Structures are given as structure tokens and as C-alpha cells.
Amino acid sequence: MRILDVVSALPLGGGSVLWVLYGFCSSWIAFQFCLRFSVLFVHSRVPSSVWRNTGGICFLQSQHYKKACHRSNVCVKSPMMCSLALFPSPLPDGQVTLYESNNELVAGTSVDSYPKQEWDNLHFRRDALKSHSHLESSSKAAFLDHKDTLWMRSAAAWRDAGLSGLFEEIANSSEVPRWLTVGSGFALALLRWVSSFHGSLFPHLTLSTEDMVAEFSQVLDWSDCAVRGFAWHPHTDKFAVALLDDSIRIYNSKSATYPTLKHRLQRSVAALQWKPLCATALAVACHNCLLVWHVDPTSLSTRPSAGCAQVLSHPGHSPVTSIAWAPSGSVLISASPVDTSMMVWDVAAETCVPLQRVGGGGVTFLSWSPDGSRVLAATPSSLFRVWETRMWTCERWPCLKGRCQTGCWSPDGKHLLFSVKGEMVIYALTFTEAPGEPLGCSGGAKAAAIVADLSVTSFQTPEGEVRIGGEVQSLAWDPRGERLAVLLKGDPEAPACPAVIAVFKTRSSPVFELLPCGFVQGEAGAEPRLIQFHPSFSNGALLTVCWSNGRITHTPFYFVSAGGPRIGVGGSPPLPVPLCRTMENGDRPLFSDLCS
Amino acid sequence: MFLLGHSHWFLSKVIWWRAAASTAWTVLLLPVTTALFIVLSKASLFHPIQWISESVSLFYGSYVIFCLLILTAVVLFVGFFNLEYYTVVPSIPCTRIALLGKVLHPQQFVHSLAHCMMGMVVAWCASVMIGGRYKFIASPCTEDSGGSAHQMCLNEYHLFLLLAGAFIGYSYSLLGVVRNMNYVSFHTVQQFKYLRFKGALPLVVKYSAVQSLYSLRNYCIFYFFFGYVPRAWICTTMNLHKNSSVTALDTVAGLLDLSLLYHLWISGTFLLVIWYTTMLLFKIYISEAYSVPVQSSFSEDIFQCLPAVLSGKEPMILKFLALQDLALLSQHSPSRRQEVFSLSQPGGHPHNWKDLTQRLVTYHEVVSFNGRAKPQSIGRDQQSTSSDSSVASGMEELAKTPWVSSASHTTGVMPLRSSMTAMSGPQAAGFTPKSDSPFASPAMKRLVGGQDPFSPWFGSVQSPHVTRRRPKLWTSSTAGSPLNGSPSASPAESPVPSPATRTPSFLTLWVHNRQEQVKNFLAKRALIMYLFNKLPEASSQALFADSQAHIWALEGLSHLVVASYTEDRFGVVQTTFSSILSSMLILQEAVDKHFKLPHASSKPVRSSFNLEDTTYKTLRFALRAALKTAIYRITTTFGQHIYAVQMSGEHRKRLQQFMEYRE
């Protein structure tokens with residue numbers, strides 16, 4: 001009797017179900033609109049006077065922080081801005097950039113024609129690497145045994161595809177009661193509707209995992225690239241390469257063996273980075289976890305076992321698209337476009353502290369400033385954050401145009417260069433004071449300045465007109481702060497507008513300056529995919545480029561820097577790099593921070 | 001411990017206020033929790049309007065106000081227990097019998113009993129707030145129950161809820177000791193308290209709900225079998241009758257009442273949320289960074305400065321906070337680093353730096369020498385102030401008194417030692433009764449207990465079987481080496497009353513031999529073996545239980561040395577550079593040796609989404625990583641200049657490995 005009473009009290013009546021759904025949906029909508037409008041509200045609060053005065057500056061910090069932060073003198077010289085038109089014209093076909101010497105880029109006919117390189121140029125052929133990147137679901141239908149009981153199938157669906165998979169399985173099965181089929185069909189429709197609504201607010205959530213990694217990766221055309229990741233060891237001549245077949249190879253200048261790292265969970269590698277102040281640890285951002293490999297440099301083994309890898313995972317934190325080690329080697333942060341919190345990992349203890357900020361819908365790209373005081377965290381929507389790492393508070397930087405695609409820090413951690421999707425410019429933010437002095441504020445400019453204009457420019461070459469320019473895919477700044485490499489996307493549809501690497505000469509003290517240097521070009525038909533500077537090259541800067549044909553080349557830039565022995569990234573404040581170069585004739589400062 | 005006797009300035013000035021603030025915040029949060037509880041307990045989906053209005057009207061009722069007062073008192077008590085029982089160095093039982101001893105410990109008994117009572121009180125509040133059939137313990141008997149209408153019958157629902165509260169309270173206390181819930185861990189990243197609380201709150205709610213569900217299951221099983229005992233007892237003592245018209249709750253039909261189970265679960269979650277929130281806030285407040293001045297211009301404040309705090313007989317929490325502050329200042333605060341590098345005003349001596357490094361270096365040395373007396377260590381100042389001196393001097397005493405073993409019940413130090421041996425988990429510990437003072441804090445006990453009373457002389461008598469069981473950083477292959485050492489080598493003070501030097505008498509020898517025989521006999525029994533067998537990797541965890549202090553010391557020291565490259569104008573760091581390097585390298589060697597032992601490098605199972613702090617289980621890995629990073633930090637910064645430092649050939653070879661990035 002009592003049991004019947006209770007069962008009837010369960011929320012199975014139609015009216016109550018509707019009530020619950022109504023309450024759920026309305027609260028969801030209200031919540032999402034609050035989020036949306038909070039962003040808009042920040043935009044609308046920008047006072048017009050500030051807007052007008054800053055001219056080309058398109059970023060404004062939210063009002064909340066403006067009160068707390070000091071203003072710095074930012075002035076933009078739009079006419080003096082560096083543009084691609086000032087670059088020397090690109091090489092004709094068949095010519096390859098070999099090195100920079102005496103302030104000129106030297107070209108040759110073949111990459112291997114220049115013997116002075118410390119490193120052999122590696123070549124990974126695309127067809128030699130078997131891709132494992134096809135989705136598991138595509139082959140599932142061929143193998144799944146449909147003789148399983150409903151219970152087993154439901155459990156498998158729950159494991160594979162979560163709640164929606166479970167509903168789908170129940171809705172499509174025939175042996176369950178009719179009301180259950182209808183109910184799960186209804187729930188499935190509701191779930192899809194809600195997720196489509198959520199997806200309309202954050203469109204990136206509708207992407208598949210692979211597409212999401214490709215979208216937010218720093219590698220150009222990630223899904224079709226033979227080399228998916230590259231990482232120099234911060235202190236020694238050693239680097240790791242992530243390949244299309246989900247393996248990682250480690251090359252060491254001192255030994256002929258190259259260990260190959262493979263792991264069951266190592267799928268769709270989006271990024272990898274060596275731990276600073278450590279010889280062994282390599283962090284890899286994978287499909288649904290983080291792997292930290294401990295590769296003993298003295299070991300002769302070519303296939304380290306999976307036991308050498310630590311698996312760090314957190315529910316809901318996948319795919320991981322970006323990782324960054326603290327320059328002091330103490331913690332590792334990881335980001336996923338799906339997860340609104342970014343994880344701060346204590347790798348040895350395998351514990352993590354989630355730092356959650358809801359706005360933005362995820363975190364796509366992380367970059368730790370070399371002095372360890374700030375972290376750039378980009379989100380999939382038009383918003384990025386700069387965290388200070390002492391108390392882990394952040395500044396919001398809403399952008400007007402699109403999401404922040406990439407960013408890099410000057411070696412002293414004072415300048416942040418970044419680019420925005422949909423705009424062909426490089427912005428700079430300047431941070432003046434040490435963070436944490438007025439707590440809760442990372443101290444710095446209240447607006448970003450445009451430092452380089454990368455809009456499409458035509459060059460006349462013997463072969464005809466070449467158009468160069470476009471959006472920025474990734475930025476790399478050499479550890480001395482003298483060269484800045486910019487990977488330009490080009491226009492994939494137009495063959496006359498290829499992806500190229502533009503290299504700028506930079507200096508950050510006493511004033512921040514940007515001068516053109518030249519384009520780095522590879523073999524005919526090869527497009528650059530990934531760029532990185534060697535962290536401790538003694539004769540200048542060494543730019544490593546991974547090309548679309550699977551080749552990895554190293555382009556040295558020889559210059560003398562009076563910076564002396566560079567202090568390691570050991571957390572100590574880097575020595576100020578004194579101004580060493582005299583102004584070369586023919587060079588005029590194209591962008592200067594100096595206010596006249 | 002804080003109430004009895006003279007309390008330390010830091011405890012009364014800082015810790016006490018932090019605990020009070022955390023409890024105050026919990027009390028402020030209490031109305032919110034209660035309101036949520038009322039709304040959820042009144043849930044009726046058919047009548048949403050009635051549901052809302054009923055809960056709102058109830059919230060202003062006198063019952064709820066009264067319950068809030070009672071709950072406030074409960075929170076105060078829980079906060080007091082948190083303050084009394086917290087520890088920064090977890091006590092890790094190495095055997096099952098040690099764990100059993102921990103659970104049955106009188107101090108733990110007090111804790112469990114108090115939480116049982118408080119659980120009952122909270123459950124009473126919950127039953128009153130839910131109202132309805134739960135409200136009173138007695139109700140007038142219904143007509144058809146046989147008795148007259150004037151007789152009072154027992155309301156079993158009320159009793160059921162009360163007992164559930166007691167049960168959940170007990171399981172809270174039990175799980176607390178098994179899972180080391182009283183362990184206060186320090187986060188790797190600093191965050192503001194509000195953000196930390198906000199981040200951890202969903203976890204608390206989720207964990208409480210799940211835990212309440214498990215307790216509910218266990219409680220139902222318990223009540224099903226033994227429910228008639230308390231029911232009959234209450235009936236007789238309160239002269240109540242049994243209502244035969246209502247289904248008894250220790251039957252399957254009675255327990256399958258879904259609304260009853262729901263209310264039970266909600267009440268349990270309510271209870272656990274309040275208590276765990278109290279604990280969470282307490283931990284957040286306690287582990288907040290505390291700024292210790294590097295030097296003071298007033299001599300009366302000198303005992304509050306960093307060197308003094310790191311040395312004397314200070315509470316563990318103060319040492320931990322001071323070391324954390326050192327690690328932070330060495331990384332983030334140039335101005336405070338200048339104070340460390342500064343010279344004393346008249347005289348120009350680098351006292352700050354010398355004092356600081358001496359403490360930190362001896363910290364590492366004590367660990368790396370595995371507690372053995374280092375030949376040249378234990379300098380003049382050890383006897384006076386150094387924190388390590390207590391350990392070191394304790395060891396000296398032990399060397400003189402080989403009789404201080406767990407077997408000798410007659411010695412003066414026995415009460416303190418037995419508790420600690422129980423925790424470090426030697427086989428012999430199971431045979432000693434727990435006669436510990438219930439007021440000593442766990443941390444204190446552990447430290448005392450950490451000292452291994454076995455001397456070389458003693459070890460020769462003992463079976464090697466037993467000797468192997470005590471946690472050591474590493475064992476040297478030479479059997480004759482004096483392995484008398486503190487396993488934890490904790491740099492804390494040990495209030496060991498120095499025992500008089502005694503010589504082994506015939507009687508004690510005889511007692512000891514008897515005991516060995518009994519031990520050998522019992523070792524052959526399966527149950528005994530089960531209880532006394534060492535848990536894998538537990539000794540390793542126990543050994544590194546206080547490693548957080550070492551990690552900070554390493555970080556602070558290495559950052560200071562690195563900063564000295566540019567900031568040290570007087571070259572004060574150069575004076576102790578070689579000793580710092582050698583201490584780090586020696587520690588590295590010792591840790592490397594430890595990781596060659598079985599179980600040392602096996603990782604414990606990581607449980608995400610858990611409130612319990614399992615940081616202590618992986619501290620050894622953290623220490624190893626921090627140590628390597630610290631050495632690399634120094635070598636990377638100084639580069640080739642490091643060869644100018646005086647070092648032994650062995651260390652130079654080791655350093656060469658670091659210079660080539662081959663470690």
C-alpha cells in the first residue's frame with residue numbers, strides 16, 4: 001500500500017515533467033543570455049572618448065580593472081607601422097632561404113647545400129606515416145555485435161557516447177517497452193535542441209574533436225600535416241617531433257638513437273613541450289588526456305615503455321589543445337576548448353587545481369611569459385585573459401573582431417604580441433610593472449597597439465606576381481628578443497597567395513621596435529606549417545620550420561648580441577639585453593614605441 | 001593541547017583567529033544551507049506553489065530559528081575539533097594493526113563519540129525541520145493498535161533519523177581517520193580564499209551527497225539487523241509502546257519507503273555538507289600564506305623572524321608556513337630577498353643568510369643521512385636552538401639508551417613512544433597498549449613516534465625480519481651500519497624527556513628474548529600475518545610525510561641562490577655555496593637510493609573528484625622532482641662558474657651529469 005503511494009508520488013506524471021523541463025530550459029536560457037550580455041555589456045561600456053583617442057587601438061580592457069591598473073603610455077604611430085610592403089621581395093621559385101648573415105637572408109638552390117648547420121634536416125614523408133586519425137565510430141558498425149543484450153549495448157553506448165548515445169540506443173532498440181522508446185526519443189530531441197542552443201552560443205562546441213584540435217592548433221592545416229608538433233628542449237640540443245601516426249620521436253645531437261614514444265592514449269597530439277629545468281620530462285597534449293613522458297637521456301632504448309608516461313586526465317578536460325610549463329618547472333597548465341577551467345597541474349603529485357572562469361566557453365591557447373609572471377590564455381570567443389601567476393587572478397581583454405589565435409612574449413615578459421582571427425595585424429600589449437604589487441592586477445597598458453600590418457601585398461618576381469599576407473597562424477620570438485617569426489596563413493584558395501614566414505627584427509629596450517628582415521622560404525611547393533626558435537642557440541637565433549612536405553629545416557640567423565651569456569629560464573629575472581646594434585643603413589625604425 | 005598549559009604565541013595570535021574566522025564564515029553560511037535543505041525536504045512536484053510557500057513560511061518559523069541556534073553550536077564544536085585534530089604531517093599507518101590502533105585510540109574515541117552526538121543533534125534538527133511524521137519521538141497510539149488512545153507510542157521514524165545521524169557522524173569520524181581527512185595540504189598555486197572556496201564548493205556538495213548515499217546503505221543494513229535493540233531500549237526507558245499498526249522499519253517493507261530514504265539521504269547530505277564546509281574553510285584559512293619578517297629592528301620581535309621561527313621549538317604549522325613564505329619571497333619579492341642578503345648594521349656580518357642556510361642545509365642533511373649521526377654534523381648550535389638538533393640529540397640519546405624499545409614498558413618515555421611506533425608501524429607495535437596522552441596533537445605524536453628507538457646493539461638481537469619493517473630512506477648494504485635513525489627525520493622538536501642513561505640488565509634481556517619467541521610463534525599464524533604485514537608503499541609514504549617542508553626549503557634555497565647571481569651585492573651567498581650544493585647532492589643521492597627500493601616508485605591510484613587530500617601519497621615524487629629542479633636551477637644559472645666552487649670529486653662528477661643534462 002505504502003509502496004504504491006510512493007510510486008505514485010514519483011515525478012512520472014506528464015504535468016510535472018513539463019514543469020521540470022520548463023524550469024530547466026528557462027534557467028538555462030537565462031543563464032546563457034546573462035553570459036552573452038555580460039560580454040556585450042563590457043563592450044558597450046567603453047567610453048567614447050577613450051575610443052576616439054586611441055585611434056587604431058581596438059582593444060579595451062574592462063572597466064573593472066581599469067580602475068586598479070596604472071595606465072602606461074601607449075602611443076600608436078599608424079603611419080610608422082611596419083607593413084609587408086617594406087619587406088624585400090620573395091625569392092624566385094627553386095630558391096631556398098639558408099641563413100641570415102650580415103643582416104641579409106642568404107638563399108641557395110637546395111636546403112642541403114649549406115653545410116654549416118648543426119642539424120641534419122629531417123624528412124618525414126607523408127605517405128610513410130600511416131594515419132590513425134580516422135574516427136573510431138566509423139568502423140564501429142562493422143564490428144559491433146548486435147546480438148548483445150540491450151543492457152550491454154546501453155552500457156557500451158553510455159561509455160562511448162555518453163548520455164545522448166544511451167538515449168539513441170534505447171530509442172532505436174525494438175525490445176524495450178514503447179513508452180521507454182518514446183521517452184528516450186523525446187529526451188534525445190530535447191538534448192539535441194539544448195546542445196544546439198548551447199552550440200549557437202559557442203559554435204566551436206559543435207566541432208568534432210579532431211576538427212577542434214585542427215582549428216585551435218598552432219600548426220597550419222594540422223589534420224593533414226606530417227609533423228604535428230615540435231618541441232626543442234629548453235637547455236640542450238634535443239628536440240621531440242610528433243608525427244601524423246601519433247608517435248613522437250626524440251632526436252639528440254649527442255646520440256644516434258632516436259627513441260620513439262608510443263602510447264595507447266597518445267592520439268591526435270596537439271602540442272608538446274619539454275619541462276624546463278629538467279632533462280627528462282616531456283609533456284604531450286593528447287586527445288583526452290595529458291601525457292608526461294620521462295625519457296632517460298642515458299638510456300639506449302629506442303622504444304621506451306608506456307610505463308615511462310604519466311597520464312594526467314580530468315573529467316571533461318578533453319581534447320587538450322595547449323599546454324605550458326612554468327618557466328621555473330614547478331607546474332604545468334593545460335587548456336581545452338571544451339572546458340571553461342584551465343588546469344594547473346602539479347605533475348609529480350598528479351594533482352590539479354582548476355582555475356575556472358566561465359566567460360569565453362573554453363581555453364584554446366596558453367603561453368607563459370619567459371619570466372614566469374604572466375600567462376596568456378585565449379578563449380574560443382572574442383575574449384582573452386592575462387593571468388598573473390602569483391595569486392592567479394586574471395584580466396579580461398575582450399576583442400571586437402574575433403578570437404585570439406596566437407601570442408608570444410618578449411624574453412623579459414614585458415611585451416605581449418598577439419594576433420586575432422579575422423584581422424591581418426599584430427597587436428602588442430605592454431606590461432610595465434611587476435605583477436602582484438597592487439594585487440589582483442597584472443599591471444600594464446589599458447589598450448593594445450597595432451604594431452604590424454600584414455595585409456596582402458603584391459610583389460613582382462620573375463615568375464610573375466606573388467601576393468603575400470593574410471592572417472597570422474602563429475608567432476615565435478627568439479629567446480634573445482631580436483627576431484620575430486610570423487607564420488602567415490595566406491589564402492588557401494588562391495595559389496598565388498601561399499603561406500609564408502615573415503621574419504622581423506625586434507628590440508624591446510629602451511623602446512619596442514619592429515623592423516623588416518625578410519621571408520623564409522622552402523623548397524618549391526612546400527608550405528610552412530610550424531615554426532619554433534631554438535631556445536639556446538649561441539650564435540644568434542635558429543628558426544626551425546616544419547614544412548608541408550614533411551621536411552624539418554633549421555634556419556640560422558647569425559647576429560651578434562651583446563647580451564652576454566644568456567641567463568637560463570630559471571626563474572631569475574633575465575638580464576636586460578642592452579642595445580647592441582647600431583642602426584644599419586637602410587633600416588629605419590618602422591614601428592617605434594617612442595612618443596614624439 | 002591548546003587549552004592546556006601555555007600556548008604558543010603563533011597559535012594564539014594567528015592560528016586561533018584563523019580557525020575562528022573560518023568557523024564564523026560557516027555560521028554565516030548556515031542559513032543558506034538550511035534554507036536549501038528545507039526547500040529540498042519539502043519537495044513535492046505536484047504542488048509547486050504549495051511547496052514554495054510552505055518552505056518560505058517554515059523558514060520564518062520558531063522551530064527553524066531554534067534549530068539554527070543549535071546548528072551554530074554544532075558548527076562551533078566541529079570547528080573546535082578541526083582545530084584540535086588538524087595536522088600538516090599526516091600519520092600513515094604502515095600495517096593494518098597500526099591502522100586498527102589508530103581507530104581505537106582514545107583520542108580518536110573522543111572524536112568519534114563527539115561526532116556521534118553531534119550527528120544525532122543535527123539529525124534531530126533535520127527531523128524537526130522536515131516535520132510531519134518525523135517531528136516527535138512519541139505519538140499517541142492509534143485506536144486499532146490494541147492499547148488505549150491515551151498511551152503514547154514510539155514514533156520509529158524519528159528514532160530512525162536520529163540513529164542515522166549518529167551513524168553518519170561516526171562514519172564521518174571513522175573515514176576521517178582512515179583517509180587522513182585532518183591533513184591540511186598546501187596548494188601548489190596561491191589563490192585568494194574566496195576563489196579557492198568557490199572552486200572547492202561543488203566538490204564538497206558532490207562528495208557529501210555520495211558519501212551520504214554510502215552511509216545510508218550501510219545504515220539500512222545495520223538497522224535491518226540490529227534495529228530492534230535501540231528501539232526496545234528506548235521503549236523501555238521512556239515507557240513508550242510499540243505501534244503495531246505501523247510497519248516496523250527493520251523489515252524489508254518498512255525500509256523500502258522511498259520518501260523515508262529520500263529524507264534520510266537529504267538529512268545526511270545536509271549534515272555532511274555543513275561539516276565538510278567547516279573543514280574546507282578551516283583548511284583554506286589555515287593554509288593561507290603567512291608573511292614572516294626576515295629580520296626585525298626590535299629585539300623583542302626577534303623570535304618572530306624567519307631564522308628563529310625555522311629553528312626553535314616551534315609548532316609544525318608555523319614552520320610550514322614560514323617555509324612556504326620563504327619559498328614565495330625567494331621567487332616573488334626582490335625587496336625581501338635584499339633583506340636576506342643584507343649585512344648586519346654594526347659589524348657587517350651576513351647573519352640573516354648564515355642563519356637561514358644553516359637551518360635549511362641541516363634540514364636536508366638530517367634526511368639524507370637517513371637519521372644517522374653524521375660525523376661532523378651536530379655542531380655547537382644544535383644543542384641550543386636548531387630544530388634538527390632535537391632529532392639529532394634525540395638520536396644521541398638513543399644511542400646511549402638502547403633500551404628504549406617498544407618492548408620496555410617501564411621506561412619513562414614509553415607513553416610517547418608507543419603511540420609513535422604504532423604509527424610508524426613496526427611489528428612490535430601491535431603488542432604495546434596505546435597509552436598515549438589524548439591531548440597531544442597527531443603531528444606531535446608522529447614526530448615523537450618517528451624516532452626509531454632501535455640502536456645498533458639492539459638491532460643485532462632483533463630479527464632482520466623486524467628490522468626491515470621500519471621505514472627508512474634507504475638501507476645500506478653493510479649490515480653493521482648503524483641504522484638507528486628517525487625514519488621520518490622530521491625537523492621538528494621532540495618533547496622527549498631525556499631518559500637517564502641505563503645499562504642493559506639481565507631482566508630486560510630476558511623479557512626481550514621472551515618477546516621475540518612470542519613474536520616468532522605468532523608470525524606463523526595467518527591472521528596475525530595479515531594484520532602485521534606491512535602495507536605496500538605505506539612506509540615510503542610515512543617516510544616522506546613531511547616532505548612538503550623540504551620541497552619549500554629546496555625551492556626557497558635554490559631561488560635565493562639563483563637570485564644572488566644578480567642581486568647579492570656583498571657575496572654573502574658565496575660563503576655557503578659549497579655546503580648548499582653538497583647538501584643538495586647528498587640528498588639527491590639518498591633519494592635516488594630510496595627510489596631503487598621496491599614499492600618506492602609505484603604510483604598510488606589517483607582518485608579524482610574526491611574531497612580527501614591524497615597529496616601526501618605522492619610527496620616523495622614531488623620531493624624528487626623539486627630536488628632535481630633545484631639543482632638544475634642552480635647549474636643552469638651559474639653555468640661554468642659552478643666549477644669554481646669547492647667540492648669533493650664525487651660531487652663534481654654528479655654535478656657534471658647535471659651540467660650535461662643527463663640526470
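Conventions used here
- Every chain's residues receive numbers from 1 upward, in the order its sequence appears when written.
- Labels are handed out in written order, letters beginning with A for the chains and numbers beginning with 1 for the ligands.
- At least 70 in pLDDT is required for a residue's local features to be given in this predicted model, at least 80 for side-chain atom pairs to be given and counted, and no such filter applies to totals for whole chains, interfaces and linings, which use all residues.
- Water and hydrogen atoms play no part in the side-chain values, which are based on all heavy atoms of the structure.
- In this scheme, strands are said to pair when DSSP sees at least two bridges between them.
- Think of it this way: any DSSP run of H or I at least four residues long counts as a helix, any run of E at least two long counts as a strand, and we number them from the N terminus.
- Think of each axis as a best-fit line through the C-alpha atoms, taken over the contacting stretch in the case of a helix, with angles from 0 to 180 degrees between the N-to-C directions.
- Salt bridges, as used here, are contacts in which a Lys or Arg side-chain nitrogen is within 4 Å of a carboxyl oxygen on Asp or Glu.
- Only protein chains enter the calculation, and the probe is 1.4 Å; a residue is then buried if its accessible area is under 20% of its type maximum, exposed if over 50%, and partly exposed in between.
- Any two of the Phe, Tyr and Trp rings considered here, Trp counted by its six-membered ring, make a pair once their centres fall within 6.5 Å; the pair's planes then place it as stacked at under 30 degrees, edge-to-face at over 60, or tilted in between.
- Should any heavy atoms of two residues lie within 4.5 Å, those residues are considered in contact.
- What goes into a patch is any residue over 30% in relative accessible area without a salt bridge, connected to like charges within 9 Å or, for nonpolar side chains (Val, Leu, Ile, Met, Phe, Trp, Tyr), within 5 Å.
- A 1.4 Å probe and the Shrake-Rupley method give the accessible areas. Residues count as covered only by the protein chains that appear here.

As annotated in an unreviewed UniProt entry, chain B carries the name Nucleoporin NDC1 and comes from Anguilla anguilla.

Going by the annotation in an unreviewed UniProt entry, the name recorded for chain A is Aladin seven-bladed propeller domain-containing protein, with Anguilla anguilla given as the source organism.

*Asks:* So what exactly am I meant to see when it comes to the sheet that holds strand β13 (residues 322–325) of chain A here?
*Replies:* All names here are of chain A. What the four strands build is an open sheet, ordered β13-β14-β15-β16; its pairing is antiparallel. Each edge of the open sheet is held by one strand with a lone partner, namely β13 and β16 (351–356). On average, each strand axis in the sheet is inclined to that of its neighbour by 20°, with strand direction left out of account. Relative to strand β15 (residues 341–346), strand β14 (residues 332–335) is paired through three bridges, and the arrangement is antiparallel. Residue pairing for β15: isoleucine 333 is matched across the bridge by valine 344.

*Asks:* Would you mind showing me how to read the pattern of salt bridges here?
*Replies:* When the charged atoms of two side chains lie near each other, side chains of opposite charge can form a pair. Residues and elements named next belong to chain A. Using the criterion set out here, one finds 17 salt bridges over all chains in the structure. Note that arginine 403 and glutamate 215 form a salt bridge whose closest N and O atoms lie 3.1 Å from each other. With arginine 403 in the loop between β20 (393–398) and β21 (404–409) and glutamate 215 in helix α8 (residues 209–216), this pair connects stretches of sequence that are 188 residues apart. On the basis of relative accessibility, which here comes to 6%, the residue arginine 403 falls in the buried class. For glutamate 215, a relative accessible area of 31% corresponds to the partly exposed category. The shortest N-O distance in the salt bridge between glutamate 523 and arginine 551 comes to 3.3 Å.

*Asks:* Please clarify how the sheet that holds strand β22 (residues 415–420) of chain A should be interpreted in this entry.
*Replies:* Strand pairing in a sheet is mediated by backbone hydrogen bonds. Such pairs are either parallel or antiparallel. All names here are of chain A. Reading across from one edge, β1-β24-β23-β22-β21 is the order of the five strands in this open sheet, with mixed pairing throughout. Edge positions in the sheet fall to β1 (82–83) and β21, since each has one partner strand and no second. Relative to strand β24 (residues 449–453), strand β23 (residues 425–430) runs antiparallel, the two sharing four bridges. Counted as the bridge partner of isoleucine 426 is alanine 452 from β24.

*Asks:* Help me out: how do you make sense of the pairing of strand β27 (residues 472–477) of chain A in this one?
*Replies:* Sheet faces and side chains relate simply in a regular strand, where the side chains alternate between the two faces. All names here are of chain A. Among the six residues in β27, six count as buried, and that is most of the element. For β27 and strand β28 (residues 483–488), the ladder comprises five bridges, and the chain directions are antiparallel. By the bridge assignment for β28, alanine 476 is matched with alanine 485. Connecting the antiparallel pair β27 and β28 is a turn made up of five residues, with glycine 481 showing a positive phi of about 75°.

*Asks:* Just to check I follow, could you spell out the packing of aromatic side chains for this structure?
*Replies:* Two aromatic rings, taken as a pair, are described by how far apart their centres are and by the angle between their planes. Residue and element names in this part refer to chain B. Considering all chains together, one arrives at 49 aromatic pairs over all chains under this definition. Pairing tryptophan 9 with phenylalanine 10 gives two aromatic rings, centres 5.5 Å apart and planes at 85°, and the pair type is edge-to-face. Across the pair, exposure class does not vary: tryptophan 9 and phenylalanine 10 are buried alike. Here phenylalanine 595 and phenylalanine 621 contribute two aromatic rings whose centre-to-centre distance is 5.6 Å and whose plane-to-plane angle is 55°, an arrangement assigned as tilted.

*Asks:* Quick question: what am I supposed to make of the environment of Val103(B) here?
*Replies:* All names here are of chain B. Inspection of the secondary structure assignment puts valine 103 in helix α4 (residues 96–103). Here valine 103 falls in the buried class, since its relative accessible area comes to 19%. In the structure, valine 103 is positioned 83 residues away from alanine 20 in sequence and 28 Å away in space, judged by C-alpha atoms. Discounting residues that sit within four places of it in the chain, valine 103 has contacts with Gln108, Leu174, Val177 and Val178.

*Asks:* Is there a simple way to explain a nonpolar patch on the surface in this structure?
*Replies:* All names here are of chain B. A cluster of nonpolar residues, Ile221, Phe222, Phe224, Phe225, Phe226, Tyr228, Val229, Val252 and Leu256, forms a patch on the protein surface that exposes about 880 Å² of accessible area. For the nonpolar patch, the elements supplying multiple residues, two or more each, are α7 (193–226) and α8 (228–237). Ranked by residue count, the leading element in the nonpolar patch is α7, at five residues. Its location among the elements puts valine 252 in helix α9 (residues 252–255).

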